[in-house]
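What follows is the residue order along each chain.
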Amino acid sequence: MSRTVTKRQQKKAPGAAGGEQALESGWRRLTQVAFGLTLVLVVARMTMQEILRNPWLPVPGSTPTPAMPGPATSIALDLLCCLPALLVLARRLIDPTFTLRFAWSSLAMFALAAWTLVSALWSSDRFAAIVNAFHWACALALLWSTAQLVHSWLRLRLVAAVSVGLLMVLLVQGYYYRFVDLPDLQNDWRQHHGELLAAQGANASSTETIQIEKNILGGVPTGFNVSRKTYAAVLVLLMVIAAGVVLQRIADGDAPGWWIPVAAVIALGLFMLYRYVQSKTAFATPVIATGLLAWLWLRRNRDVRHPARLYWTGVGAFVLIAAAIVGHGLKHGTLFHVSLTFRWEYWVGAARIFVHRPWLGTGWANFGSWYTAYRLPQAAEEPADPHNFLVRAFVELGVVGGILMLAWMLRLWWEWTAGAQAERAVASSNDTRAGAERSAAAGWQQDDGDSSSMYSAFPFLITLSLLAIAVNAAVSIDWTSQSALIIVETFKRLLFAIAFLLGVCVVAVRAVYRQELDDRPAPWILTSAIVGLGLFLLHNLIDFSMFEIGPMFFFALLAGAVLGLRLPAPRPAAPRGRLGPIVAFIVAGAAWLVAAGALWVPILQAESLAQDADEEIRTSKPPAQGVPQPPSRPDPAHIERAMHDLLDAWRLVPYNADYAFRAEQAALLEGAEGQSMKARQLLDQAIATDPRKIRYLVARVVLESSTGDDDRAARDYEQILQLDPHNLELRAQYASLLDRVGHPERAVEQYKQVIQFNDALAKDEIRRLSDKQVEEIRRRMTAGAATHSAQ
C-alpha cells in the first residue's frame with residue numbers, strides 16, 4: 001500500500017513541482033507589480049503640479065482657465081501610492097519564503113506619520129492639515145514599501161534610470177517654457193495684463209499680483225513646481241544621481257557612448273541652473289557634490305574604516321555649524337546674505353510660535369496661519385512654510401513631532417551609512433575581482449524573479465515610460481478645456497515620453513550587444529544617491545522643496561531604495577506563524593478602505609460640486625467679445641445654483657471653510673435684497689470653522705462697511721490686527737475707519753504704527769508704502785491731532 005502511494009506521489013511530483021513553481025511565480029508577481037506601480041506613480045507625480053485650493057475666485061463672464069489637479073486627484077494618487085505596501089504585505093502573508101526587513105528608523109517614521117495625522121485635531125485650517133498630512137503619511141508608506149522592494153542592483157539601477165529620465169523631462173519642461181511659452185506669455189502680459197487679472201478677479205496693485213508680474217517678466221523656469229528653488233533642488237538631486245551613473249559606467253569599463261550622453265544632460269542641467277533658475281543654494285550644492293564624489297573616486301580602492309566614527313563626526317559638525325549660524329543670527333540679527341536673512345526672519349517668527357505652543361504646535365501645514373502674528377516688523381513676507389524641515393516639525397508638531405523627526409533622520413542616516421552590512425563597500429569600485437566582490441556585498445537579492453535576462457529591456461522600459469506619462473496626462477490635463485490647449489498639452493506629454501524613454505534606456509540597458517536590463521553591482525550609483533539625498537536635505541534646511549508633492553514622493557522612492565540596499569539580509573529563521581502578517585494586512589487594508597471612503601469620496605464629491613459652482617458663476621454673464629457693452633448683472637438662476645452647489649460641498653466637507661467663503665462671495669454677486677444677511681451668516685460660519693484665516697475676516701469687514709455697521713467692522717479690524725499686526729494696508733484702513741467714526745486720537749495712534757512699521761521695511765520691499773502714501777498718512781495724522789485738540 002505504501003509503495004503504491006509512493007508511486008502515485010512520484011507520478012504527481014513533476015506536476016506538483018510545476019504547480020508549485022507557478023504558484024511561487026505568482027507570489028513574486030505581487031512585488032514585481034508593486035515595484036512597477038511605484039515607479040509609474042512617482043514619475044507621474046514628479047511631472048505635474050498639484051494644488052490644495054484654487055487661489056482665484058470665479059468671475060462672471062470670464063474666459064475658462066484649465067483646471068489643475070486638486071485635492072481629490074491628489075488623495076486618489078496617494079491611495080494608489082499605498083498599494084505597493086499592501087502588495088508587499090500580501091506577499092508576506094501568502095509566501096512563506098518572503099521576508100520583511102526591519103529598520104529601526106521605520107518605528108520613528110511611522111510614529112511621525114501618525115502624529116502628523118493626529119495634529120489635524122488642533123489645527124485651525126483642518127482641511128489643509130488633513131490633506132497635507134495624508135500626503136506625508138502616504139509618502140512615508142511608499143518609502144517603507146520601496147525599502148522592502150529594492151534589494152538588488154538591478155532595481156537600484158532602474159531607480160537611477162528613472163532619475164535620469166526625470167532629469168531629461170524637467171530640462172525639456174524648463175527649456176520649453178523659456179523659449180516657447182515664455183515669449184508669448186510675456187507679450188500677452190504686457191498687452192493684456194489688466195484683462196487677465198480682471199478675468200481672475202485679482203487686484204492689479206496687490207503684492208501678490210506684483211510678484212506674479214516679476215516672475216513672468218523675469219522668465220524664471222519653475223518646472224512642475226511652485227517655486228524655482230524647488231526646481232533647483234530637484235535638478236541638483238537628479239544631476240548627482242546622473243553623475244553616479246557616469247562614474248559607474250566608467251568603473252564598469254563601458255564604452256564612452258553610454259556615459260557621454262548622461263554627462264551632456266548634466267551639462268544642460270548646470271546651464272539651466274546658473275543661467276536661468278538663479279538659485280543661490282543651487283550654486284553651491286553642485287560644487288559640494290563634485291568635491292565629495294571626486295574625493296570618493298580618489299579613495300575608491302580603500303575600504304571605509306570606522307564608519308560609526310565618521311557618522312558621529314558628521315553629526316557633530318552639523319550641530320556645530322547650526323549653532324554657529326544661530327549665534328550669528330542672534331548677535332547680528334541677520335545672516336550672511338539677504339536671502340538667508342529672510343530665512344532667519346522666518347525662523348525667529350517660528351521660534352516665537354514654538355514658545356507660545358511648544359507641546360502640540362500649530363498643526364501640520366498651519367504655520368502660515370500663525371506666522372503673521374509673530375513675525376518681526378521688518379519681515380514683510382508671509383510664507384506658508386518656515387523653510388526648514390526641522391523647524392517645521394517642531395513648530396507645527398510641537399516637541400513630540402520635532403523629536404520624532406530628529407530621531408527618524410538620525411537613525412535613517414545611520415542605516416544609510418554607518419549601520420549597514422555594506423559599510424565597507426560605499427565607494428569601492430568593481431573594476432577588479434576584489435572590488436566586484438566587495439561591491440556585491442553592499443546588497444543582497446531576495447528572489448523576486450528579477451534578472452537581466454528575464455525580459456527584453458526595451459519592451460519593459462517603453463511600457464514603463466508610456467504608462468507613467470499616460471497616468472500623468474490622464475490626471476493633469478483638463479480634458480474639458482479648449483481643444484487647442486488639449487492638443488498642445490498632449491504634444492508636450494509626447495515630448496516628455498520621448499525624453500524620459502531616452503533617459504531610462506541609456507542607464508538601464510547593459511550594452512548594445514546585450515540589450516537587457518543591467519544587473520551588475522552599482523556601488524557608485526548607491527554612493528551618488530546617498531550624496532544626493534544629503535544635499536537635498538541641505539536644501540530643505542533653507543527651503544520647503546521636500547513638502548511639494550512630487551519631490552516628496554521622489555524623496556520617498558530614493559530614500560527607500562537606498563535603505564533597501566543598505567539593510568542587511570535577514571537571517572534564516574524557522575517557519576513563522578502568520579498571525580502577525582494577517583493582523584498587519586487587515587489593519588493596513590482597513591485603514592486604506594477607511595481613508596478611501598471617509599476622506600477621498602466626500603472630497604471628490606465636494607470638489608465636483610465646487611467646480612460646477614465655478615462654471616455656473618462664470619457663465620452667469622455672457623463673455624466679453626472685445627466690444628464695449630453696458631454693464632449687466634449676473635443671472636440670478638446661475639448664482640443660486642452655484643450657492644446651492646457650494647453649500648452642498650460644505651456639508652460634505654465641513655472642515656473646509658473655503659466652501660462657505662466662496663458661497664458668501666457668490667451671494668454678493670446676486671445683489672438681491674437680503675443677500676448681505678445671508679452672506680454675513682456664511683462668513684460667520686467660515687470664520688468659526690477657521691478663525692485664523694485673515695481673508696475671511698477682511699471679507700466680513702468689507703461687508704460690514706458696505707452696510708454701515710462700523711462698530712462691528714472696528715471689532716473685526718482689531719481681531720485682524722491681532723493676527724497680523726504688521727499689515728500696513730489693513731492698519732491704515734482701520735485708522736481711516738476710526739477717523740470716520742469720530743475717534744481721531746485712536747486713528748492717530750494707528751497711523752503712527754503704520755509709519756513705524758513702514759520704516760522698518762527694506763527700501764526695495766514691494767510692500768513698503770510709497771512716498772506719496774506716507775505723505776498722505778502724515779497729513780491725516782496732523783488733521784486727526786488737530787481734531788482731537790479741538791475736542
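Each value, and the rule that gives it
Residues numbered from 1 in each chain as written. Predicted model: local features only at pLDDT ≥ 70, side-chain atom pairs only at ≥ 80, totals over all residues. Heavy atoms only, no water. Helix = DSSP H or I, 4+ residues; strand = E, 2+ residues; numbered from the N terminus. Buried < 20%, exposed > 50% of the residue type's maximum accessible area, 1.4 Å probe, protein only. Contact = heavy atoms within 4.5 Å. Areas by Shrake-Rupley, 256 points an atom, 1.4 Å probe, with all protein chains shown as cover. 1 Å grid on protein atoms, 1.4 Å probe; cavity = no way out; pocket = protein on both sides within 12 Å on 5 of 7 lines; lining within 4 Å. Points joined across faces, edges and corners; volume = space filled by probe spheres on them. Nonpolar A, V, L, I, M, F, W, Y, C, P; charged D, E, K, R; others polar. Lys, Arg positive; Asp, Glu negative; His and termini not counted. Salt bridge = Lys/Arg side-chain N within 4 Å of Asp/Glu carboxyl O. pLDDT = per-residue confidence, 0-100. Axes fitted to C-alpha atoms, helices over the stretch in contact; angles between N-to-C directions. Parallel < 35°, antiparallel > 145°, perpendicular 65-115°, else oblique. Left-handed = near helix turned anticlockwise from the far one by under 90°. Core = buried A, V, L, I, M, F, W, Y, C linked by side-chain atoms within 4.5 Å. Phe/Tyr/Trp six-rings, centres within 6.5 Å; stacked < 30°, edge-to-face > 60°. Lys NZ or Arg CZ within 6 Å of the ring centre and 35° of its normal.

## Thoughts on the overall build of the chain
Counting secondary structure elements, the chain contains 27 helices and zero strands. Taking all 791 residues of the chain together, the buried fraction comes to 51%. Within the chain, residue pairs in contact and separated by at least 24 positions form 77% of the contacts whose partners lie at least 6 positions apart. Of the roughly 35400 Å² of accessible surface on the chain, 62% is carried by carbon and sulfur atoms.

## Comments concerning empty space enclosed by the protein
In this structure the tally under the stated criterion is two cavities of 30 Å³ or more. Here the second largest cavity is characterised by a volume of approximately 30 Å³. Lining the second largest cavity are Arg157, Val245, Gln248, Arg249, Asp252, Val507 and Ile525. The element contributing the most residues to the lining of the second largest cavity is helix H7 (residues 228-251), with three residues. Residues that form the lining of the second largest cavity fall into these classes: three nonpolar, one polar and three charged.

## Focus on the side chain of glutamate 664
On the secondary structure map, glutamate 664 appears in helix H21 (residues 657-670). The buried charged residue glutamate 664 lacks any salt bridge partner; its closest oppositely charged side chain belongs to arginine 695, at an N-O distance of 8.7 Å.

## Describing the confidence of the model for the chain
Interpretation of this model should avoid reading the predicted coordinates in detail wherever pLDDT is low. Scored by pLDDT, the chain has a mean of 86; 85% of the residues are at 70 or more. Mean pLDDT values over the elements of the chain span from 41, in helix H14 (residues 433-440), up to 97, in helix H4 (residues 126-149). Predicted confidence for residues 1-13 stays below pLDDT 50, and this span has zero contacts to residues more than four positions away or in other chains. When the criterion is pLDDT under 50, residues 421-444 qualifies, and its contacts beyond four places in sequence or with other chains add up to 66 contacts.

## Considerations on the packing of helix H20 (residues 636-652) against H21
At a minimum axis separation of 8 Å, H20 and H21 run at an interaxial angle of 165 degrees. Taken together, the axis directions place H20 and H21 in an arrangement best described as roughly antiparallel. Where H20 crosses over H21, the two elements pack in a sense that is left-handed. Of the residues in H21, those touching H20 at Pro636, Ile639, Glu640, Met643, Leu646, Leu647, Ala649 and Trp650 are Ala657, Tyr659, Ala660, Arg662, Ala663, Ala666, Ala667, Leu669 and Glu670. Broken down by class, the residue content of the contact of H20 with H21 amounts to 14 nonpolar, no polar and three charged.

## Focus on the side chain of serine 105
Locating serine 105 in the fold gives a position in helix H3 (residues 104-118). Ignoring anything within four residues of it in the chain, the contact list for serine 105 reads Trp408, Arg411, Leu412, Glu415 and Leu563.

## Side note on the nonpolar core
With 200 residues, the main nonpolar core has Trp136, Phe389, Trp408, Leu461, Phe554 and Ile603 as its most contacted residues. Dropping the residues within four chain positions of it, tryptophan 408 is found in contact with Ser105, Ala108, Met109, Leu112, Trp136, Leu140, Leu143 and Phe555. One finds Tyr346, Trp347, Phe367 and Ile542 within the second-largest nonpolar core, a separate group that totals 15 residues.

## Observations concerning the packing of aromatic side chains
Across all of its chains, the model carries 23 aromatic pairs by this definition. Here tryptophan 297 and tryptophan 524 contribute two aromatic rings whose centre-to-centre distance is 5.3 Å and whose plane-to-plane angle is 45 degrees, an arrangement assigned as tilted. Of the two residues, tryptophan 297 is situated in helix H9 (residues 280-298) and tryptophan 524 in helix H17 (residues 523-539); the sequence distance between them amounts to 227 residues. On the basis of relative accessible area, tryptophan 297 is assigned to the partly exposed category, the value being 22%. Residue classification places tryptophan 524 among the buried positions, given a relative accessible area of 0%. Through a chain of ring-to-ring contacts, three or more aromatic side chains come together here, namely Trp136, Trp364, Trp408 and Phe547. One Lys or Arg, arginine 392, reaches over the ring of tryptophan 364 and ends 4.2 Å from the middle of that ring. Over the aromatic face of phenylalanine 547 sits the side chain of arginine 392, whose NZ or CZ is 4.3 Å from the ring centroid.

## Describing the environment of proline 654
Here proline 654 is to be found in the loop between H20 and H21. With relative accessibility at 45%, the residue proline 654 sits in the partly exposed group. Distance in space between the C-alpha atoms of proline 654 and phenylalanine 127 is 8.9 Å, their sequence separation being 527 residues.

## Concerning the pattern of salt bridges
Tallying each qualifying case throughout the model produces 36 salt bridges. Residue arginine 641 pairs with glutamate 616 through a salt bridge whose shortest N-O separation is 3.3 Å. Note that arginine 641 is positioned in helix H20 and glutamate 616 in helix H19 (residues 579-618), a separation of 25 residues in sequence. Between arginine 712 and aspartate 709 there is a salt bridge; the shortest N-O distance is 3.5 Å.

## Description of helix H12 (residues 367-374)
Counting buried residues in H12 gives six out of eight residues, a clear majority hidden from the surface. Looking only at H12, the buried set comprises Phe367, Ser369, Trp370, Tyr371, Thr372 and Tyr374. Where H12 is buried, its residues contact helix H11 (338-356), helix H13 (389-416), helix H23 (694-706) and helix H24 (710-723).

## Section: unusual backbone geometry
Positive phi outside glycine occurs at glutamine 278, with the angle close to 60 degrees. With respect to the helices and strands, the residue glutamine 278 is situated in the loop between helix H8 (256-277) and H9. Assessed through its relative accessible area of 35%, glutamine 278 is described here as partly exposed. In this model, alanine 365 sits at a positive phi of 65 degrees, which is unusual for a non-glycine residue.

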